[in-house]
Each structure stands twice: as structure tokens, then as C-alpha cells.
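Listed below are the residues making up each chain.
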Amino acid sequence: MLTKVHHVGIVVHSADEALKFYRDALGLPVTADQVIEDQGVRGILLQIGGSEIELLEPTRNDTGVARFLESRGEGMHHICFESDDVEKELEAARARGIELIDEKPRPGLAGMICFLHPKSNHGVLIEFATPVA
Ligand code: CO
């Protein structure tokens, strides 16, 4: 079951610059800050109530996030819905013929995650995540 908006992902040129707004000006606390090598991004989570903002800074040029930044500039990248069972969510999407990016869940900043293709979702890149307890 999908339970809430877990986070909104925002692609930025420089996470350090973006922190000056989201952390310093808005006062949102940072709950995670790490480089995810296999995805080629530095990801930062900032808490706002029961949800989070995820800042994504590409660390190399050969990734989807880097290409997004190159072609569209900084801005909103995806919405992540929390689920108690990301595997089941992905299977349900597959059964409905929704186009997937990930064929199975993988570890990400928000726990076990997977992405659905924006083509199937009215232009919005959708992530499902089950936080690791
Ligand atoms: Co995300």
C-alpha cells in the first residue's frame, strides 16, 4: 500500500549551493548526505514534517540525472511514494502494463527503491520506496 509522499527529488548543479537555500534559509534539517557511486549522484535528504526533500547532484556525466540536468536544467525531477512493500508495488505496476525503469527494487537513499517511467505517469518520474527500518 502507498502511504504518503516520501520525498520530492530535485536535481541541482551543486548540492552545497542548494543547501544554502534548503538547509540554511528554510531551516530544514539534513537527515542523509551521501555519494551513491553506482548511480553517480550525491544525494541529500532534508526533513519537512513527515516527508523529505531529496537533492541530487550528479557526480559524473554518464547518468540519467546528469542528462536531465544538461537538457532541462535544475528543478523538480521525481516524486517518491512510500510503500510498506516496494516489491509488491512494482509487481502491481507491471501487471497493469505500466512502463518500468527498474525491473526489480534496488537499494537507494530512501531504502529499497524502484522507478516507473514518466511516459506511463503523465510526464512525472515516479519512485516507490520502502525505507529500511
Ligand atoms: Co528519490
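Residues numbered from 1 in each chain as written. Predicted model: local features only at pLDDT ≥ 70, side-chain atom pairs only at ≥ 80, totals over all residues. Heavy atoms only, no water.

J.: Pulling in residues and values, what's your account of the packing of aromatic side chains?
T.: Ring pairs (aromatic) are described by centroid distance and by the angle formed between their planes. For the coordinates displayed, the defined rule picks out one aromatic pair. Both rings, one in F21 and one in Y22, keep their centres 4.8 Å apart while their planes meet at 85°; by these two values the pair is edge-to-face. When its relative accessible area of 18% is taken as the criterion, Y22 is described as buried. (Phe/Tyr/Trp six-rings, centres within 6.5 Å; stacked < 30°, edge-to-face > 60°. Buried < 20%, exposed > 50% of the residue type's maximum accessible area, 1.4 Å probe, protein only.)

J.: An account of the side chain of E54 is needed here, citing residue identities and associated values.
T.: Residue placement: E54 occurs in strand β4 (residues 51-58). Buried charge without a salt bridge: E54, with R106 as the nearest opposite-charge side chain at an N-O distance of 9.3 Å. Side chain to side chain, E54 and H78 meet in a polar contact 2.9 Å long. (Helix = DSSP H or I, 4+ residues; strand = E, 2+ residues; numbered from the N terminus. Lys, Arg positive; Asp, Glu negative; His and termini not counted. Salt bridge = Lys/Arg side-chain N within 4 Å of Asp/Glu carboxyl O. Polar contact = N/O pair within 3.5 Å; in protein donor to acceptor, adjacent residues only side chain to side chain.)

J.: Just give me the short version of helix α1 (residues 15-25), but keep the residues and values in it.
T.: Taken together, the buried positions of α1 are occupied by A15, A18, L19 and Y22. One side of α1 carries all its buried residues, which in axial view fall inside an arc of 110°. Those residues of α1 hidden inside the fold are in contact with β1 (2-11), β2 (30-36), β3 (41-48) and β4. Where α1 ends, the next residue or the one after it, G27, has phi of about 80°, a positive value. (Arc of directions from axis to C-beta. Contact = heavy atoms within 4.5 Å.)

J.: Let's hear about the coordination of the cobalt ion: which residues, and what values?
T.: Taken together, the protein ligands of the cobalt ion are H7 (NE2), E54 (OE), H78 (NE2) and E127 (OE), with distances of 2.0 to 2.2 Å. Bound by four donor atoms, the cobalt ion shows angles of 87 to 172° at the metal and therefore irregular coordination geometry. For H7, a relative accessible area of 0% corresponds to the buried category. (Donors = N, O, S within 2.8 Å, 3.2 Å for Na, K, Ca; no water. Tetrahedral: all angles 85-135°; square planar, octahedral: opposite > 155°, others 65-115°.)

J.: I'd love a proper account of the sheet that holds β2, names of residues and values included.
T.: In a beta sheet, neighbouring strands pair by backbone hydrogen bonds and run either parallel or antiparallel. What the eight strands build is an open sheet, ordered β2-β3-β4-β1-β5-β8-β7-β6; its pairing is mixed. The open sheet has two edge strands, β2 and β6 (106-108), and neither has a second partner. Strand after strand, the sheet turns through a mean of 30° between neighbouring axes, direction not considered. Pairing of β1 with strand β5 (residues 75-83), which is carried by eight bridges, proceeds in the antiparallel orientation. (Pairing = 2+ DSSP bridges. Axes fitted to C-alpha atoms, helices over the stretch in contact; angles between N-to-C directions.)

J.: Can you lay out the environment of A110 for me, pointing to particular residues and giving the numbers?
T.: Looking at where A110 falls in the secondary structure, it is placed in the loop between β6 and β7 (111-116). Looking at A110, the relative accessible area reads 7%, which means it is buried. Separated by 92 residues in sequence, A110 and A18 have C-alpha atoms that sit 19 Å apart.

J.: Report on the pairing of β4, specifying residues and quantitative values.
T.: In terms of residue burial, β4 counts as a mostly covered element, since seven of its eight residues are buried. The pairing of β1 with β4 spans five bridges and is classified as parallel. Its bridge partner being in β4, H7 is matched across the sheet by E52. Pairing of β3 with β4, which is carried by eight bridges, proceeds in the antiparallel orientation. Residue pairing in the sheet places I48 in a bridge with S51 of β4. Hairpin connection, β3 to β4: the antiparallel pair is bridged by two residues, and G49 has positive phi, about 60°.

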